[in-house]
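A structural walkthrough
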Amino acid sequence: MKYRTKMTVLLFAALVSLLLGIGIGSVFVAPGDILSILSNRLFDTPLSESLPAGYPAMVLNMRLPRVILAFFTGAALAMSGTVTQSILQNPLASPFGLGISSGAGLGAAIVIIFGLTAAGLGTLILPGVSLGFALATVFFVVLISSRLDSGMSNVTIILVGTVFSLFCNAVMNLLAASSPAYGERVQLWLLGSFSMKEWNAVCVLALAAVLGLVFFLFYARELDVMTFGEESAQAMGVDLLKLKRVLLAAVAALTGAAVAFVGIIGFVDLIAPHIVRRWFGAAHRKVLPASALFGGTFLVLCDLAARTLIPAREIPIGAITALLGAPFFLYIFFAGRKKH
C-alpha cells in the first residue's frame, strides 16, 4: 500500500473519530446535523428547521472544543513519543519516563494547593507553571546526565529521567496528602480530563502541535540517522550532544503544553509510535505526520469511551489509556527480549 493511500486511510479514520466524538453522548447528534451546524457557523448557511434549538450551542461550546482538544493532545503526545524513542534508541522510552509529565504535574499541584495567581494570566497560570516545570525537569535531567556522563549516553539520560520522575511523583503525593481539601482535585488532574475546556486551550495546543510537527520534520534526516546508533550518527557528522539537548527541549515543550491543559495522560506516547512504524516504516518524514494523526484519533476514541462506558459518569482518560497501554508495554518488553 502506497504512502498516500495509508495517509488517506488515517485521515478518514481521524474524521470519523471526530464525528463520533462530537455526535455520541447523553444526546446523540447525527453526522448530518453536525455538518449543518458547522456550515452555519463557518459559512452562515441556514440550519435545518427540524434541528432542536439547543444542539448548536451544545456542539459548538461543549463537544467540539473537547474533541478537538483531545485530538491535538493525542497528536502532540504521539509525536513527542516518536522523537524520544528515536533520540534514546529505546522502544520503551517516552516523555513520561523522562520525568517531563511528572514535572508538569508537580507544577500543577503547586498551583492548585497554594492557590497561586497572577494578574492578567487568569486560567492560564496553571498551564503556564506546568509548562515551566516540564522544561525545568528536562534542563535538570540533561544537566545531571552531562555531569555524570560527558557523552550523555542514552542509558544515563533514561536513568536520570526515571529518578526525576519518581522524585516529582513523591513530592506531588506529599503535597496532596498535606492538603486534603485540594488533594482530590490534584489526583483528578493527574489522571487527565478534557471536560469543561475552553477554546483558548484548544487554540494554544493546536498551535503547539503544528509548530512541533514542523520543527521535528526539520530534523527528520538527523532523527533517521540516530536510529542506526550513536556511532553511525557521529560518523555521519551529527553533533549528538547538541541535537539531544535541542530535541529533548522541544519534546519537553510539546509534552508540557499538552499535559498543562489536560493533566497527565500516559501510554499514548508509547503506543502510537510503535503501531505507526510498523505500518509506515522508519522514515521520520512519514512517521511523524502519521503519528500525529494516529495519536489524535486514538485519544479521541479513548475520550469517547471514558464518557460513555459508565452511564452518567466519566472515567478519567488516564485510566482508559493505562488499561490499553499496560498490556501493550508488556508486549513490547517481552517481544524485545525474544529478539535478543
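Residues numbered from 1 in each chain as written. Predicted model: local features only at pLDDT ≥ 70, side-chain atom pairs only at ≥ 80, totals over all residues. Heavy atoms only, no water.

**A closer look at the packing of aromatic side chains**
- What the rule picks out here adds up to nine aromatic pairs.
- Centre to centre, the rings of Phe139 and Phe140 are 5.5 Å apart; their planes meet at 75 degrees, and the pair counts as edge-to-face.
- Exposure remark for Phe139: the relative accessible area of 52% places this residue in the exposed category.
- On the basis of relative accessibility, which here comes to 40%, the residue Phe140 falls in the partly exposed class.
- Taking the centre distance of 6.4 Å and the plane angle of 5 degrees together, the rings of Phe294 and Phe298 count as stacked. Of this pair, Phe294 and Phe298 are both found in helix H13 (residues 284–308), four residues apart, which corresponds to roughly one turn of the helix. Each member of the pair Phe294 and Phe298 is classed as buried.
- An aromatic cluster is built from Phe215, Phe216, Phe218 and Tyr219, whose rings are joined through pairwise contacts.
- The aromatic ring of Phe280 is capped on one face by Lys6, whose charged end is 5.7 Å from the ring centroid. (Phe/Tyr/Trp six-rings, centres within 6.5 Å; stacked < 30°, edge-to-face > 60°. Buried < 20%, exposed > 50% of the residue type's maximum accessible area, 1.4 Å probe, protein only. Helix = DSSP H or I, 4+ residues; strand = E, 2+ residues; numbered from the N terminus. Lys NZ or Arg CZ within 6 Å of the ring centre and 35° of its normal.)

**Some remarks on the environment of Phe218**
- The topology assignment puts Phe218 in helix H8 (residues 199–218).
- Overall, the relative accessible area of 64% leaves Phe218 in the exposed class.

**Digging into a nonpolar patch on the surface**
- On the surface, a cluster of nonpolar side chains totalling about 470 Å² of accessible area is made up of Phe139, Phe140, Leu143, Ile144 and Leu148.
- On the secondary structure map, Ile144 appears in helix H5 (residues 125–148). (Patch = residues over 30% accessible without salt bridge, like charges linked within 9 Å, V, L, I, M, F, W, Y side chains within 5 Å. Areas by Shrake-Rupley, 256 points an atom, 1.4 Å probe, with all protein chains shown as cover. Salt bridge = Lys/Arg side-chain N within 4 Å of Asp/Glu carboxyl O.)

Any functional reading would require information beyond the geometric quantities listed.
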